[in-house]
Amino acid sequence: MSLGNSRRLARGGAIIGGLGLAVALVAGTGLAASGSSAPTPDQPGGAARNANLGLKDAKAIASSLLPIPARNVILLIGDGMGDSEITIARDYLYGAGGTLPGIDALPITGQYTTYSLYKDGDPNAGKPDYDPDSASTGTAWATGTKTYDNAIGVDIHGAAHSNLLELAKASGLRTGDVTTAEIQDATPAVQLAHVAARSCYGPDSPTCGADALVAGGAGSITEQLLDTRPDLAIGGGSATFAQTAKAGEWNGMTLLDQAGDRGYQVVTDKAALASVTTANQDKPVLGLLASGNLPTRFAASSASIGGSGAPTGETCQPNPDYLGAGATLEDLTSKSISLLNDKKAKKGFFLQIEGASIDKRDHAADACGQIGETQDFDEAVQAALAFAKADRNTLVITTADHAHSSQIVDGATPGLGTTLTTADGTPLRISYGTAAAGGSQQHTGTQLRIAAYGPSAIGVLGLTDQTDTFFTIANALKLDTGVKVGWPVLHGPGSGKPWNQKGWKGSGH
């Protein structure tokens, strides 16, 4: 066990002695509801959220305070889902006094910092970059290492670091990576690849540079995905798989044909996904449900100059392109859990789930798009939490990679804005003030909510850094963090793995 891991376990272990007191204190905070009916928000106690906290809640919280191992870990990432984005979705969908049934239900809650670093060669090399991107933040929780914006799985000096999915595989756990974005996008990619530029999607990407196979590197994100070989990877991004390898064992073959040659079960629609019954190293699942990102739940809304001052609000409308039942993020989460959860196996699983377009629609100043994606994400959290409560040996963590710049305001602003009518029947005024019309709204560098349920959930308590999440998960799964990354992956005779040999095809082809 590394010194860092020992310190973190020791920090959690200090809590155990006071666990009985913690149970008593939490149970003691229960307030009996007064009267036969709940007070309204204009009455004393009418807006309180924990007025009925009782012993049942205390027991659930107390069990999460134990820094003990977990069989499984499910990490759920709402991309761009800062406190403002959570509040906007809650207000619109459930009203100001409502609750997001998944995100708001995890009992152990903290905040974490998300800054990235400037890379070697920059005048500020090694110093904080306060407003990070999805690549640097994802690398932080995936590897425990701060890095520069744009980097996937490498540090500011260019060195690769083992990620949680690789470490889980090396420890004998089953693994999965699910997203509503392209599977090559930054957040899913941090568990699959090590490249200097997040845009190195495929062999045709000009930004691959020294990472390209033709340059002697490990290959693009998509090629490395096939090498990393999670038991399942589901998202969009099929367009990149049409590209042709330019070097290596599968030179001249499309990446899609390479996947089939290596035994992947390639599914391209929700009906085919529903028919899959096995996901393992002999028959890994590669779900490519769209050419790009998966369509959002709600059709896009339009922001306009001064739009947050509109006299009446609009309501979000269904997106006719939404994939719907069988391919919602909740469905993908449940399907992935069912495929990875093998009670007969000695080891459990590690699964990362991403709701990607909270960020993407926030960039586009699309309030309805980001709200619908937050709702989808919340339903995925509910599915993960339901499994964890039944399983009793699963750690669920939900958080974001970085915050975004949508804001709840009081009226018209000089920038873009939208007014929606909420579940309360009142106007919700949302402002996007970091880019002009047609531009891309910016991230913000604020700290983020992180919440957890299950064994070792105590690791998220208080103020932590994004890199702490790596150690919380690694400790919970008892991973050997000393395992080193070996790139590029060796193929052909002597590699020891039949799926690294051209022409193997396997039972999944």
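Residues numbered from 1 in each chain as written. Predicted model: local features only at pLDDT ≥ 70, side-chain atom pairs only at ≥ 80, totals over all residues. Heavy atoms only, no water.

Thoughts on the sheet that holds strand β15 (residues 427-432)
On the basis of which strands lie adjacent, the open sheet formed by 4 strands has the order β9-β14-β15-β13 and antiparallel pairing. Edge strands, defined here as strands with exactly one partner in the open sheet, are β9 (304-305) and β13 (406-408). As paired elements, β13 and β15 share 3 bridges and run antiparallel to each other. Paired with Gln407 across the bridge in β15 is Ser431. Running at roughly 55 degrees to β13, helix α4 (residues 83-94) makes contact with β13, β14 (416-421) and β15 of the sheet. Against the sheet, helix α13 (residues 367-391) contacts β13, β14 and β15, and its axis sits at roughly 55 degrees relative to β14. (Pairing = 2+ DSSP bridges. Helix = DSSP H or I, 4+ residues; strand = E, 2+ residues; numbered from the N terminus. Contact = heavy atoms within 4.5 Å. Axes fitted to C-alpha atoms, helices over the stretch in contact; angles between N-to-C directions.)

Concerning the environment of Thr240
Position of Thr240 among the secondary structure elements: in the loop between β6 (232-236) and α9 (255-261). The sequence separation of Thr240 and Thr222 amounts to 18 residues, and the corresponding C-alpha distance is 7.6 Å. If near-sequence neighbours (up to four positions away) are discounted, Thr240 is found in contact with Gln184, Tyr201, Gly202, Thr222 and Leu255.

Some points on the confidence of the model for the protein chain
When pLDDT drops low, the exact placement of atoms in the prediction is not to be read closely. When pLDDT is averaged along the protein chain, the result is 90, and 89% of the positions lie at 70 or above. Scored below 50 in pLDDT, residues 1-35 makes 37 contacts in the model with residues more than four places away or belonging to other chains. (pLDDT = per-residue confidence, 0-100.)

Things to note about the state of the cysteines
Working definition of a disulfide: a covalent bond connecting the sulfur atoms of two cysteines. On inspection of all chains with the given rule, the structure shows 2 disulfides. A sulfur-sulfur separation of 2.0 Å characterises the disulfide bridge that pairs Cys200 with Cys208. Looking down the S-S bond of the Cys200 and Cys208 bridge, the torsion is 100 degrees, so its handedness is right-handed. Here Cys200 falls in the buried class, since its relative accessible area comes to 0%. A residue is classified by how much of its surface remains accessible, and Cys208, at 5% relative accessible area, is buried. With a sulfur-sulfur separation of 2.1 Å, Cys316 is cross-linked through a disulfide to Cys368. Between Cys316 and Cys368 the disulfide shows an S-S torsion of about -85 degrees. By sign, it is left-handed. With Cys316 in the loop between β9 and α11 (329-340) and Cys368 in helix α13, this residue pair connects regions lying 52 residues apart in the sequence. For Cys368, a relative accessible area of 2% puts it in the buried group. (Disulfide = S-S within 2.5 Å. Buried < 20%, exposed > 50% of the residue type's maximum accessible area, 1.4 Å probe, protein only.)

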